[in-house]
Amino acid sequence: MRLYDLHVHTALSACAARDACIAEYCADARESGLPVIGFADHAWDKAVAGASPWYAPQDYERLLARRAEAERESGLKLLLGAEAEMAAGVVAFTPESAALLDYIICPHSHTHMKGFVLPADAEAPEKHADFLVKSFYALCVHPLARYILGVAHPMYPIGKSADEADEIYAHISDDALFFICQAAAKADLALELNISTLAPIPTERLASLGYARFFRAAKSAGCHFFLGSDRHSSKHPVHDTLARAPELAEALGLHEDDFTRALEKALAL
């Protein structure tokens with residue numbers, strides 16, 4: 001399986017290690033034979049109202065500083081993107097900020113951000129489930145969806161264990177999953193196989209997870225996928241993260257061909 005990584009954070013992301021830098025990531029990528037690496041630092045456009053105190057300082061203009069560092073690298077394809085939040089139905093970018101980047105990935109499931117992403121009254125599993133379904137669909141049909149390459153860690157309640165996620169998925173029907181995945185396919189949004197989210201889960205358990213039902217529905221609906229390590233430190237080498245991608249993909253019923261369109265699209269943008 002050809003590996004690439006479209007979800008890497010530098011120190012420009014407030015959640016990343018303070019020494020996470022492009023040079024170290026690229027050195028590791030070259031040593032590991034990774035042909036493409038994409039940096040998707042968190043960003044919220046200053047022109048878009050509704051940023052949380054954590055997001056407000058993380059504007060798009062600061063991301064321009066990565067260009068000079070990126071230009072010093074060679075031997076691989078380097079893309080400069082952003083992870084643009086969706087919260088309360090608002091996406092954190094404009095067409096103008098999107099034009100500053102090679103690509104955008106957008107999450108809807110940072111539900112550990114309670115009262116910001118996840119409504120304060122939606123912590124119960126059935127309400128959490130309803131939020132995930134409705135927010136994913138809202139992202140797929142959003143007027144700005146055409147600027148988005150893909151959905152970061154789609155339909156996974158970030159911050160929840162596999163057991164807790166299973167509790168939430170017990171309230172999501174297969175019909176609902178197929179319906180929202182059809183919307184993703186229609187919008188041509190790639191869905192991330194997020195290695196950091198899935199890596200702690202034993203491979204033999206993956207196929208039986210409630211979350212695996214989402215991937216089966218997405219595959220059946222004609223969706224395509226992209227690979228992202230979601231690394232937050234350049235001290236975490238590729239072989240500790242992306243190396244599990246083929247094994248995880250196989251357990252979820254995905255194949256190498258499912259991951260090619262997103263890469264081709266990202267390289268063409």
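This text follows the structure it describes.
The structure contained in this document is the topic of the report that follows.

What counts and how
- Residues numbered from 1 in each chain as written.
- Predicted model: local features only at pLDDT ≥ 70, side-chain atom pairs only at ≥ 80, totals over all residues.
- Heavy atoms only, no water.
- Core = buried A, V, L, I, M, F, W, Y, C linked by side-chain atoms within 4.5 Å.
- Buried < 20%, exposed > 50% of the residue type's maximum accessible area, 1.4 Å probe, protein only.
- Helix = DSSP H or I, 4+ residues; strand = E, 2+ residues; numbered from the N terminus.
- Contact = heavy atoms within 4.5 Å.
- Polar contact = N/O pair within 3.5 Å; in protein donor to acceptor, adjacent residues only side chain to side chain.
- Pairing = 2+ DSSP bridges.
- Right-handed = clockwise from strand over helix to strand, strands pointing away.
- Salt bridge = Lys/Arg side-chain N within 4 Å of Asp/Glu carboxyl O.
- Expected span 1.5 Å × (residues − 1).

With respect to the nonpolar core
Then, number 1: Formed by 98 residues in total, the largest nonpolar core has its most connected members in Met155, Leu193 and Phe214.
Then, number 2: Looking at this core element by element, the count peaks at 7 residues for helix H4 (residues 125-140).
Then, number 3: With residues up to four places along the chain from it excluded, the contact list for methionine 155 reads His108, Ser109, Leu132, Val133, Phe136, Tyr169, Ile172, Leu177, Ile180, Tyr211 and Phe214.

Focus on the environment of threonine 94
Then, number 1: Among the secondary structure elements, threonine 94 is positioned in the loop between strand E5 (90-91) and helix H3 (95-98).
Then, number 2: Overall, the relative accessible area of 14% leaves threonine 94 in the buried class.
Then, number 3: As a C-alpha pair, threonine 94 and tryptophan 44 span 50 residues in sequence and 9.4 Å in three-dimensional space.
Then, number 4: With residues near it in sequence (within four places) discarded, threonine 94 still touches Asp45, Ala47 and Val48.
Then, number 5: One polar contact links threonine 94 to aspartate 45, side chain to side chain, over a distance of 2.9 Å.

Things to note about the pairing of strand E2 (residues 36-43)
Then, number 1: Counting buried positions along E2 yields 8 of 8 residues, so the element is predominantly enclosed.
Then, number 2: Along E2, one buried face is formed by Val36, Gly38, Ala40 and His42 and the opposite face, lined by Ile37, Phe39, Asp41 and Ala43, is buried too.
Then, number 3: As paired elements, strand E1 (residues 5-8) and E2 share 2 bridges and run parallel to each other. Within the sheet, the bridge partner assigned to aspartate 5 lies in E2 and is isoleucine 37.
Then, number 4: Read from E1 through helix H1 (residues 22-32) to E2, the crossover connection turns out right-handed.
Then, number 5: Sheet analysis places E2 next to strand E3 (residues 77-84), joined by 8 bridges and oriented parallel. Counterpart to phenylalanine 39 in the pairing with E3 is leucine 80.
Then, number 6: A crossover connection joins E2 to the parallel E3 through helix H2 (residues 66-71); in handedness this β-α-β unit is right-handed.

Describing the pattern of salt bridges
Then, number 1: In total, this model carries 18 salt bridges according to the counting rule given.
Then, number 2: In this structure, aspartate 28 engages arginine 231 in a salt bridge whose closest nitrogen and oxygen atoms are separated by 3.3 Å. Separated by 203 residues along the polypeptide, aspartate 28 in helix H1 and arginine 231 in the loop between strand E9 (225-228) and helix H10 (245-251) bring together distant segments of the chain.
Then, number 3: With relative accessibility at 11%, the residue aspartate 28 sits in the buried group.
Then, number 4: With relative accessibility at 1%, the residue arginine 231 sits in the buried group.
Then, number 5: Across the salt bridge formed by lysine 160 and glutamate 123, the nearest N and O atoms sit 2.5 Å from each other. Taken together, the positions of lysine 160 in the loop between strand E7 (150-152) and helix H5 (162-169) and glutamate 123 in the loop between strand E6 (103-107) and H4 put the pair 37 residues apart, joining distant regions of the chain.
Then, number 6: A network of salt bridges, in which partner residues are shared, links Asp5, Asp28 and Arg231.

Brief notes about the pairing of E3
Then, number 1: Most of E3 sits out of view: 7 of its 8 residues are buried.
Then, number 2: Pairing of E3 with E6 involves 3 bridges; the strand directions are parallel. Of the residues in E6, the one forming a bridge with glutamate 83 is isoleucine 105.

Remarks on H4
Then, number 1: Helix length check: H4, at 16 residues, gives a terminal C-alpha distance of 23 Å against a target of 22 Å (1.5 Å per residue), a fit within 8%.
Then, number 2: Taken as a whole, H4 has its buried residues at His128, Ala129, Phe131, Leu132, Val133, Ser135, Phe136, Leu139 and Cys140.

Structural measurements only, silent on function.
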